[in-house]
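Letter by letter, the chains look like this.
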Amino acid sequence: MKDINRRQFLQSLSILGIGAVASGYLPIHGQDKPEDKKPDEKKPDSKLVLAVVEGKKPAEITIEALAILGGISKFVRKDSVVVLKPNIAWEKPMELAATTNPEVVLAIARECFKAGAKKVKVVERACNNPKKCFQICGFENAFNKSGVEFVHLTDDHKEYKEVKIPDGKELKSILIAKDVLECDTFINIPIAKHHGLAKLTLGIKNLMGITGGKRNELHHLLGQKMADILSVIKPHLTIIDAYRVLVRNGPTGGNPKDVAFVGKVIASTDIVAADSYACTLKPFSLEGKNISCVKAAYDSGLGEMDLSKIDIIEKKI
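Residues numbered from 1 in each chain as written. Predicted model: local features only at pLDDT ≥ 70, side-chain atom pairs only at ≥ 80, totals over all residues. Heavy atoms only, no water.

### Observations regarding the packing of aromatic side chains
Threshold: Here is the rule: rings of Phe, Tyr and Trp (six-membered ring for Trp) pair when centre to centre is within 6.5 Å. Planes less than 30 degrees apart are stacked, more than 60 are edge-to-face, and the remainder are tilted. Under the scheme applied here, a residue whose accessible area is under 20% of the maximum for its type counts as buried, over 50% as exposed, and between as partly exposed, the area being computed with a 1.4 Å probe on protein chains only. Numbered from the N terminus, helices here are DSSP runs of H or I no shorter than four residues, and strands are runs of E no shorter than two.
By the definition in use, this model includes five aromatic pairs. With a centroid separation of 6.1 Å and 65 degrees between ring planes, the pair formed by Phe-134 and Phe-139 is classed as edge-to-face. The class for Phe-134 is buried, based on a relative accessible area of 6%. With a relative accessible area of 0%, Phe-139 lands in the buried category. Judged by centre distance (4.7 Å) and plane angle (85 degrees), the ring pair of Phe-134 and Phe-150 falls under edge-to-face. Residue Phe-134 is located in helix H4 (residues 130–136), and its partner Phe-150 is located in strand E4 (residues 149–152); the two are separated by 16 residues in the primary sequence. You can call Phe-150 partly exposed: its relative accessible area is 24%. A network of ring pairs unites the aromatic residues Phe-134, Phe-139, Phe-143 and Phe-150 as a single cluster.

Structure representation (structure tokens):
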């Protein structure tokens, strides 16, 4: 391990789907440690893979993106507990693209159960009334009899655990939802959309929904603070819903004229890579370096922002 730098080491973990276990990363319950892997299982020279699938059916393109990454069984073990973190923060119908498409989330949940997960939870700390969010966003109907447990995080500190951030530049600790810390697999499922403060909100910023305390205090120096949080809780997998995207007046939107149809899902073990690619989607036409969360995470060695160094597998179905 001495012959590779920290960024290369973290990349190799992402390639292997071991996101949160490197030095400075908080292991999620049940997650492999690097030393548990046999030498021949490490592929530090393998190129990071990012899947981009385009189509007309949200569930179908989601499952295909997972297949490109090797299938959900690569990340979910038998009898494991999986936490899914979509964006369900606002009381908006999914057609307005302020929240993650429930068909994308349901497709992932079903794949997790097929892989043998004993429990799948959807965890979110909503900005609006959480029960109304689940109803209006379409989750209540879509997940009826799905077997998925919904965790509506509140302001109660008992729902969180304080996590130290040894390498934090702006934050030295953060409250993280216990459900996330105690799960075996953590899958981040943001929607790609405009955000008045952050320009875009994608995978990294979506992690704000698993934190406790006064979240508005994170808005000052947002990019570095989110990178600090990412340094201690890194998702095993990030799947960005870009089926419909909000191009203006985010994060809440509210006008169908602000929504563009893209018809894509982006998936990677590297959250920085997934976010960086999402920035380039035609309705946004940005680069990772334009978004403070992405730039700060890259500068902190938490993932790859340079798309030329990523094996981007695009497919249209």
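Read on for the rest.
### Considering the nonpolar core
As a reminder, the rule being used: Nonpolar cores were defined as sets of buried Ala, Val, Leu, Ile, Met, Phe, Trp, Tyr and Cys residues, with membership established by side-chain atoms within 4.5 Å. In this description, contact between two residues means that some pair of their heavy atoms is separated by no more than 4.5 Å.
In terms of nonpolar packing, the biggest core is built from 61 residues, with Ile-174, Ile-176, Val-180, Ile-204, Ile-266 and Val-272 touching the most fellow members. Broken down by element, this core gets its largest block of residues, seven residues, from helix H9 (residues 271–279). Sequence-distant contacts of Ile-176, defined by excluding residues within four places in its chain, comprise Glu-159, Tyr-160, Lys-161, Val-163, Leu-181, Ile-210, Thr-211, Ile-229 and Ile-233. Core analysis: the second largest hydrophobic core is formed by 35 residues, Leu-66, Leu-106, Ile-108 and Ile-189 among them.

### Things to note about helix H8 (residues 222–230)
The element H8 is largely enclosed, with a buried count of nine among its nine residues. Along H8, the residues that are buried comprise Leu-222, Gly-223, Gln-224, Lys-225, Met-226, Ala-227, Asp-228, Ile-229 and Leu-230. Looking at the packing, one finds that the buried side of H8 touches strand E6 (173–177), helix H7 (203–206), H9 and helix H10 (292–299).

### Structural notes on the confidence of the model for the protein chain
Heads up, the condition is: Confidence scores labelled pLDDT are given residue by residue by the predictor and lie between 0 and 100.
Summing up the model confidence of the protein chain, the mean pLDDT is 89 and the portion of residues at 70 or higher is 86%. Confidence drops under pLDDT 50 across residues 30–44; counting only partners more than four residues distant or on other chains, this segment forms 23 contacts.

### Let's talk about the packing of H8 against H10
Applicable threshold: Angles shown run from 0 to 180 degrees and are taken between the N-to-C directions of axes, each axis being a line fitted to C-alpha atoms and, for helices, limited to the stretch in contact. Any angle between 65 and 115 degrees counts as roughly perpendicular, while under 35 counts as roughly parallel, over 145 as roughly antiparallel, and the rest as oblique. The sense of a crossing depends on the near helix, which, turned anticlockwise from the far helix by less than a right angle, makes the crossing left-handed and, turned clockwise, makes it right-handed. Nonpolar residues are Ala, Val, Leu, Ile, Met, Phe, Trp, Tyr, Cys and Pro. Charged residues are Asp, Glu, Lys and Arg, and all others, Gly as well, are polar.
In the contact formed by H8 and H10, the axes pass within 7 Å of each other and the chain directions differ by 50 degrees. Accordingly, the angle class assigned to the pair H8 and H10 is oblique. Taken as a pair, H8 and H10 cross one another with a handedness that is right-handed. Across the interface between the two elements, Leu-222, Gly-223, Gln-224, Met-226, Ala-227 and Leu-230 from H8 touch Ser-292, Cys-293, Ala-296 and Ala-297 from H10. Classifying every residue of the contact of H8 with H10 by side-chain character gives seven nonpolar, three polar and no charged.

### Quick look at the side chain of Ser-268
Worth spelling out the cut-off: Polar contact is the term for a pair of N or O atoms within 3.5 Å; when the atoms are in protein, one must be able to donate a hydrogen and the other to accept it, and sequence-neighboring residues count only if both atoms are side-chain atoms.
Mapped onto the fold, Ser-268 is located in strand E11 (residues 259–268). Of note is the side chain of Ser-268, whose polar atom sits 3.3 Å from the backbone oxygen of Val-49. Contact partners of Ser-268, with chain neighbours within four places excluded, come to Leu-48, Val-49, Leu-50, Leu-69, Leu-237, Thr-238, Ala-273 and Ala-274.

### A look at the pattern of salt bridges
Note the cut-off: The term salt bridge refers to a pairing of a side-chain nitrogen on Lys or Arg with a carboxyl oxygen on Asp or Glu at a separation within 4 Å.
Using the criterion set out here, one finds ten salt bridges in the structure. A salt bridge links Glu-64 to Lys-315; the nearest nitrogen and oxygen atoms lie 2.6 Å apart. Here Lys-315 lies in strand E12 (residues 310–316) and Glu-64 lies in helix H2 (residues 58–68), a separation of 251 residues in the sequence. Where Asp-79 meets Lys-78, a salt bridge forms, and the shortest distance between an N and an O atom there is 3.5 Å. Lys-78 gets classed as exposed once you look at its relative accessible area, which sits at 64%.

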